[in-house]
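Structural description and commentary
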Amino acid sequence: MTYFIGPILSIALIAIIVTQLMRKRLRERHALWWAIGAITTLFLSIFPGILLNLSSWLGFVAPLNLVLILGLALMLLVNLQHSAELTDLENKVRTLAEEIAELKLEDSIGKVNVSDFPESN
Amino acid sequence: MAFEVKDVLIVLPAFNEQASIVHTLNDIDKNVPGANKLVVDDGSTDKTADYARQAGAQVAQLPFNIGVGGAMRFGFRHASRNGYKVVIQLDADGQHDPAYIPELLRNLDQSDLVIGARFAGEGDYEVHGPRKWAMGLLSTVISRSANSKLTDTTSGFRASGPRAIELFAKDYPAEYLGDTVESLVIALKSGLTVSQVPVAMRKRIGGQPSQNAWQSAVFLFRAATALIIAYMRPTDPANEPHGEKS
């Protein structure tokens, strides 16, 4: 029975990623690393022999350690990517805030009339 | 004076400074009659903007607090778009004495950026411990690349000439110490000249100074990090020294 838990969980994860992508709740560039993780897990859970060979070849005493390290590395990478994207977003928000202040200031001194823009009608 | 008063924009970044803003603006009028004053209200929740308008300043309101760096980049952009040749940055809390503005302006004849420096003989402003080491480190490193003695790299009292305005309108960091230390490094890497004028600091009218041992140690660490990162960052090719702008 335990043999099926790994594949079932991996397939569930892949299904969640695909549905989120379809609903546009997840952009593909954010999904990439999660998809790589899910497919690797699926692969290794169906063919555990590969994991055993790989871990002993790399010198791991317990194959599970290799899984844990790979998982941790994946989490770190995704987290780092999120921090980078957050910085990017903060910069964009900052620029927008400055532009809004400029528009309001110009509006108050009558240079540009914000109500002239067709969008605001 | 090489620059006329109408070419000068005095930019005051302000965050909840209702206690001091009117006094500071009046003080500017006394020392530099007819100067254009722009208060950049950085998301204040008090009456800073109303008071500043009543005191005769132009007021730009940022929709939320984005820090001195953001407020100042806004000031430089506004100056650049409206053809100002000089931007004077002055704190709204009354620490910076507008009486030094003419002196800063005079020095813009030789430099692109002039800093009003606190540890250059004038006044009795002093710091101790890690904060002093941090300021010493910043001063030593930046003075070396500026080829000119700069004793106070974290001063927020500065005058920027036309070349500095164009540069800072594009690139003015919003990070911690970005508005002071990193902006200096950016200016130097882009081939701008920087000098200083000794100034005395006054007591703040409102607000609390932040000084304790732990905060100073953190300041030392963050200052060193900011400095290293600032020098490691690549220069925007458009701002390379001697590179002609299209």
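The text that follows walks through the structure, step by step, so that each part is easy to find. Keep in mind that this is a model prediction, so the values were computed, not measured.

All names here are of chain B. Among the nonpolar cores identified, the biggest contains 46 residues, and Leu38, Phe76, Ile142 and Phe168 are the most heavily contacted of them. Tallying contributions element by element places helix α7 (residues 178-189) first for this core, with six residues. Among residues more than four places away in sequence, those in contact with Phe76 are Val87, Ser160, Ile165, Phe168, Ala169 and Tyr172. Counting residues in each nonpolar core, the second largest holds 32 residues, with Val8, Ala92, Tyr100 and Val197 among its members.

Here we take up the interface of chain A and chain B. Listed by partner, the interface residues are twelve residues for chain A and 20 residues for chain B. A combined buried area of about 1400 Å² lies between chain A and chain B, and 53% of that area is made up of carbon and sulfur atoms. For the pair chain A and chain B, the number of links is five salt bridges. Between Arg77(B) and Glu98(A) there is a salt bridge; the shortest N-O distance is 3.9 Å. Where chain A touches chain B, the interface holds six residue pairs in polar contact (both at pLDDT 80 or more). Among the residues making up the side of chain A that touches chain B, the classes are represented as five nonpolar, one polar and six charged.

Residue and element names in this part refer to chain B. Throughout the structure, instances matching the rule amount to four aromatic pairs over all chains. Relative to Tyr172, the ring of Phe168 has its centre 4.9 Å away and its plane inclined at 75°; by these criteria the two rings are edge-to-face. For the pair formed by Phe168 and Tyr172, the shared burial category is buried. Every member of this aromatic cluster is reached through a ring pair, and the members are Phe76, Phe168 and Tyr172. Over the ring of Phe219 we find Arg131, and its NZ or CZ is 4.4 Å from the ring centre.

Residues and elements named next belong to chain A. Judged by side-chain polarity, Tyr3, Phe4, Ile8, Phe43, Ile46, Phe47 and Ile50 come together as a nonpolar surface patch covering roughly 690 Å² of accessible area. Broken down by element, the nonpolar patch gets its largest block of residues, three residues, from helix α1 (residues 2-22). Under the relative-accessibility criterion, Ile46 is labelled partly exposed at 36%.

This brings us to the environment of Lys47(B). Among the secondary structure elements, Lys47(B) is positioned in the loop between β2 (36-42) and α2 (48-54). Spatially, the C-alpha atoms of Lys47(B) and Glu17(B) are 8.1 Å apart, while their sequence positions differ by 30 residues.

Before going further, it helps to examine the environment of Asp109(B). All names here are of chain B. Within the fold, Asp109 resides in the loop between α4 (101-107) and β5 (113-117). We classify Asp109 as partly exposed; its relative accessible area is 43%. Once the C-alpha coordinates of Asp109 and Phe3 are considered, the two residues, 106 residues apart in sequence, prove to be 8.6 Å apart. Ignoring anything within four residues of it in the chain, the contact list for Asp109 reads Ala2 and Phe3.

All right, on to the environment of Arg163(B) then. All names here are of chain B. Along the polypeptide, Arg163 turns up in helix α6 (residues 162-170). Along the sequence, Arg163 and Ser190 sit 27 residues apart, while their C-alpha atoms lie 9.9 Å from each other. Sequence-distant contacts of Arg163, that is, excluding residues within four places in its chain, are made with Asp112, Gly191 and Leu192. A distance of 3.0 Å separates polar atoms of two side chains, one belonging to Arg163 and the other to Asp112.

Another point: the pattern of salt bridges. Pairing is possible between side chains of opposite charge, provided their charged atoms come close. Residues and elements named next belong to chain B. One pass over the structure, following the stated rule, counts 16 salt bridges over all chains. With a closest N to O distance of 2.9 Å, Asp29 and Lys37 form a salt bridge. Accessibility expressed as a relative area gives 28% for Asp29, which makes it partly exposed. The exposure class of Lys37 is buried, given its relative accessible area of 8%. The partner of Arg163 in a salt bridge is Asp112, with the nearest N and O atoms 3.0 Å apart. Of the two residues, Arg163 sits in helix α6 while Asp112 sits in the loop between α4 and β5, which places them 51 residues apart along the sequence.

Now for the packing of α7(B) against helix α8 (residues 213-232) of chain B. The description of two helices packed together rests on the angle between their axes and the distance between the axes. Residue and element names in this part refer to chain B. Two elements in contact, α7 and α8, have axes whose closest approach is 9 Å; the angle formed by their N-to-C orientations is 25°. Overall, the two elements α7 and α8 adopt an arrangement that is roughly parallel. The two elements α7 and α8 meet at a crossing, and its hand is right-handed. Between α7 and α8, the contacting residues are Val181, Glu182, Val185 and Lys189 on the first element and Leu227, Ala230, Tyr231 and Met232 on the second. Tallied by class, the residues present in the contact of α7 with α8 amount to six nonpolar, no polar and two charged.

What counts and how
Residues numbered from 1 in each chain as written. Chains lettered and ligands numbered in written order. Predicted model: local features only at pLDDT ≥ 70, side-chain atom pairs only at ≥ 80, totals over all residues. Heavy atoms only, no water. Core = buried A, V, L, I, M, F, W, Y, C linked by side-chain atoms within 4.5 Å. Buried < 20%, exposed > 50% of the residue type's maximum accessible area, 1.4 Å probe, protein only. Helix = DSSP H or I, 4+ residues; strand = E, 2+ residues; numbered from the N terminus. Contact = heavy atoms within 4.5 Å. Buried area = accessible area lost by both parts, 1.4 Å probe. Salt bridge = Lys/Arg side-chain N within 4 Å of Asp/Glu carboxyl O. Polar contact = N/O pair within 3.5 Å; in protein donor to acceptor, adjacent residues only side chain to side chain. Nonpolar A, V, L, I, M, F, W, Y, C, P; charged D, E, K, R; others polar. Phe/Tyr/Trp six-rings, centres within 6.5 Å; stacked < 30°, edge-to-face > 60°. Lys NZ or Arg CZ within 6 Å of the ring centre and 35° of its normal. Patch = residues over 30% accessible without salt bridge, like charges linked within 9 Å, V, L, I, M, F, W, Y side chains within 5 Å. Areas by Shrake-Rupley, 256 points an atom, 1.4 Å probe, with all protein chains shown as cover. Axes fitted to C-alpha atoms, helices over the stretch in contact; angles between N-to-C directions. Parallel < 35°, antiparallel > 145°, perpendicular 65-115°, else oblique. Left-handed = near helix turned anticlockwise from the far one by under 90°.

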